[in-house]
Amino acid sequence: MAKDSAFGFVLSSALKACAGVLALEEGMQVHAHVAKYGYREDIRIQTKLIDFYAKCRLMEEAERVFDRMSERDVQTWNTMIGGFCKSRNMNTATTLFEKMPEQNSFTWETMLSGYASLGQMDRAQELFDQLLLHQGEMNVDAVVYTAMIVGYAKCGDVPAARLVFDKMVGKDVVSWSAMISAYTQAGIYDEGVHLFKLMLKTGGNIKPNRAIISSVLSASAHLGSIELAVWVKNYIYSRGNELLNTRTITALIDMHAKCGELDEAYKIFKGWKDKDIVCYSAMIAGFGMHSRGAEALKIFSQLLEDGLTPDSTCFIVVLSACSHAGLVSEGLQYFHSMQNEYSIPPTADHYMCMVDLLGRAGRIADAYRTIVKVMPPVKPHAGVWGALLSACRVYHNLEIGEIAAQHLLEIEPENAGNYVLLANMYAKAQKWKHVANVRGLMKIRGTEKRPGCSWIEIGGKTHKFLTGDVHDNLLDMIIQVLAGNLVAEGYSPIVEHEDM
């Protein structure tokens, strides 16, 4: 039977669609048509079949199709190897890789990413070294280098990722993005920003894309530098609309809010027309973190007026805003509205907000009752018990505080902060034997409290100070100025907790 090229295109497109939505039954029906109308020797369609079965996690079926093929091209081999890599079966993927007549950049990237997904970066490095030896550093495609950078970053080895990055001769925008993102995700924000500036100086004709800008904005938000925030924002706007979309605007809002420039964040928010639920949530979170609860709830009302439906994450920031502003009745109302009006089941994060809301208001018993009576079957995580313990510390409720601390020490025994909170509570109650017991437990478990760190920006330069630093004239001056400003604002520090 003569094969119709148009019908072959239909079969190929149908298989691609089925693979995209994991429609197994429909895809198998298309497979039957492939066999019925004589397309078993069509490499394109057979490769689509392999891809379909691989995405449906039916590698045995994919292998049957592959084995029946009398002719295979590089895409067919890559599809088969990719299926085994995604199924975490690197042994079979490696066997196919070694049998493959000829590999291309996509093959090497797939194998390296497969090893990285299993945390086997030693195997990935061996394969990478093999490629460098065979082709030479200058001839290896940037996509292969980037796979190694991303792999090391996922495994938490950022220095190794940087070594690979520095070896690259022809860095492209994706490799720059991967390395900057690696720093940001690892919390090494200053290095991420430094690399971004290096890219602007030495990247040649390569211009940052929106992914890079999102990473830099996130890093800037965590660094809290106003001067840096202004510089990044000016750079973005200097590129016109090229880097501006809702995601970038949302990141700008978050950055300015975290840098203390809430008015600037709101100005950006108001000026953007295409707001989505994430953009609204960022602005609500910004007002919430500055305890401007009424304004946060006003933004939430605007969200509803614009016809958007709040999601689970949006309600978390709303409840958090109520908590920081002491809006207990409003928080309870939104918590019930989330379930009754929007059919959103509360998660542990929602309950954490409720415990924090009640705890900050001094309603310790209600907060504890929420955990033991209302939450089940949702299991409380460390954040829930941590919110309760913090409230118990403030209101000196040792009885419930001990219960919260016991759960916390079971969930995250390595977190020194929990031991310190409990010991401080015992110290306030003058239970010195209990304080000694907590310190002894910390020693046995090898936990150590990291020194506190503060920083302040003066003249565009950030000064960091660790607890225990030797005092100098600059530090003394800064402390005196800050102390005066805090008192003028009505702040009364809590000084009874001992430093462990």
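Here goes a summary of the coordinates provided. Since the model is a prediction, treat every value here as computed from it, not as a measurement. (Residues numbered from 1 in each chain as written. Predicted model: local features only at pLDDT ≥ 70, side-chain atom pairs only at ≥ 80, totals over all residues. Heavy atoms only, no water.)

A word on the pattern of salt bridges
The tally for this structure, following the rule as stated, stands at 11 salt bridges. Here Arg239 makes a salt bridge to Glu242, at a shortest N to O gap of 2.9 Å. Here Glu242 falls in the partly exposed class, since its relative accessible area comes to 44%. When the shortest N-O distance is used, the salt bridge between Lys258 and Asp254 registers 3.4 Å. Here Lys258 and its partner Asp254 are both found in helix H15 (residues 246-258), four residues apart, which amounts to about one turn of the helix. Given a relative accessible area of 38%, Lys258 falls into the partly exposed group. (Salt bridge = Lys/Arg side-chain N within 4 Å of Asp/Glu carboxyl O. Buried < 20%, exposed > 50% of the residue type's maximum accessible area, 1.4 Å probe, protein only. Helix = DSSP H or I, 4+ residues; strand = E, 2+ residues; numbered from the N terminus.)

Some remarks on the packing of helix H5 (residues 74-86) against helix H7 (residues 105-117)
Running from N to C, H5 and H7 point in directions that differ by 10°, and their axes come no closer than 9 Å. Taken together, H5 and H7 sit at an angle that is classed as roughly parallel. Only Phe106, Thr107, Thr110, Met111 and Gly114 of H7 make contact with H5, whose side of the interface consists of Asn78, Ile81, Gly82 and Cys85. Looking at the contact of H5 with H7 residue by residue, the class counts come to four nonpolar, five polar and no charged. (Axes fitted to C-alpha atoms, helices over the stretch in contact; angles between N-to-C directions. Parallel < 35°, antiparallel > 145°, perpendicular 65-115°, else oblique. Contact = heavy atoms within 4.5 Å. Nonpolar A, V, L, I, M, F, W, Y, C, P; charged D, E, K, R; others polar.)

A few points about helix H20 (residues 328-340)
Between its first and last C-alpha atoms H20 spans 18 Å; for 13 residues at 1.5 Å apiece the expected length is 18 Å, and the two agree. Residues Val328, Gly331, Tyr334, Phe335, Ser337 and Met338 constitute the buried set of H20. (Expected span 1.5 Å × (residues − 1).)

Considerations on the environment of Met338
Mapped onto the elements of the fold, Met338 is located in helix H20. Given the relative accessible area of 0%, Met338 is considered buried. C-alpha of Met338 to C-alpha of Pro310: the two residues are 28 residues apart in sequence and 8.6 Å apart in space. Among residues more than four places away in sequence, those in contact with Met338 are Phe315, Ser343, Ile344, Pro346 and His350.

Things to note about H7
Its 13 residues place the ends of H7 18 Å apart at the C-alpha level, agreeing with the 18 Å of an ideal helix rising 1.5 Å per residue. In this structure, the buried residues of H7 make contact with H5, helix H6 (90-99), helix H8 (121-135) and helix H9 (142-154). Among the residues of H7, the N-terminal cap falls to Asn104, whose side-chain oxygen and the backbone nitrogen of Phe106 are separated by 3.2 Å. Count one or two residues on from H7 and you reach Gly119, which has phi positive near 75°. (Polar contact = N/O pair within 3.5 Å; in protein donor to acceptor, adjacent residues only side chain to side chain.)

Quick notes on the packing of aromatic side chains
Tallied over the entire structure, the rule returns 16 aromatic pairs. Considering the side-chain rings of Phe300 and Tyr334, the 5.3 Å spacing of their centres and the 80° angle between planes classify their relative orientation as edge-to-face. With Phe300 in helix H18 (residues 293-305) and Tyr334 in helix H20, this pair connects stretches of sequence that are 34 residues apart. Exposure class is identical for Phe300 and Tyr334. Each is buried. On the basis of an interplanar angle of 65° and a centroid distance of 5.6 Å, the ring pair of Phe335 and Tyr351 is categorised as edge-to-face. Taken together, the residues span a long stretch of sequence, with Phe335 in helix H20 and Tyr351 in helix H21 (residues 348-360) at a distance of 16 residues. A relative accessible area of 6% places Phe335 in the buried class. Ring pairs connect the aromatic residues Tyr266, Phe269, Tyr280 and Phe287, which therefore count as one cluster. (Phe/Tyr/Trp six-rings, centres within 6.5 Å; stacked < 30°, edge-to-face > 60°.)

A closer look at a nonpolar patch on the surface
Residues Leu482, Leu486 and Tyr491 make up a contiguous nonpolar surface patch of about 280 Å² in total accessible area. Overall, the relative accessible area of 41% leaves Leu486 in the partly exposed class. (Patch = residues over 30% accessible without salt bridge, like charges linked within 9 Å, V, L, I, M, F, W, Y side chains within 5 Å. Areas by Shrake-Rupley, 256 points an atom, 1.4 Å probe, with all protein chains shown as cover.)

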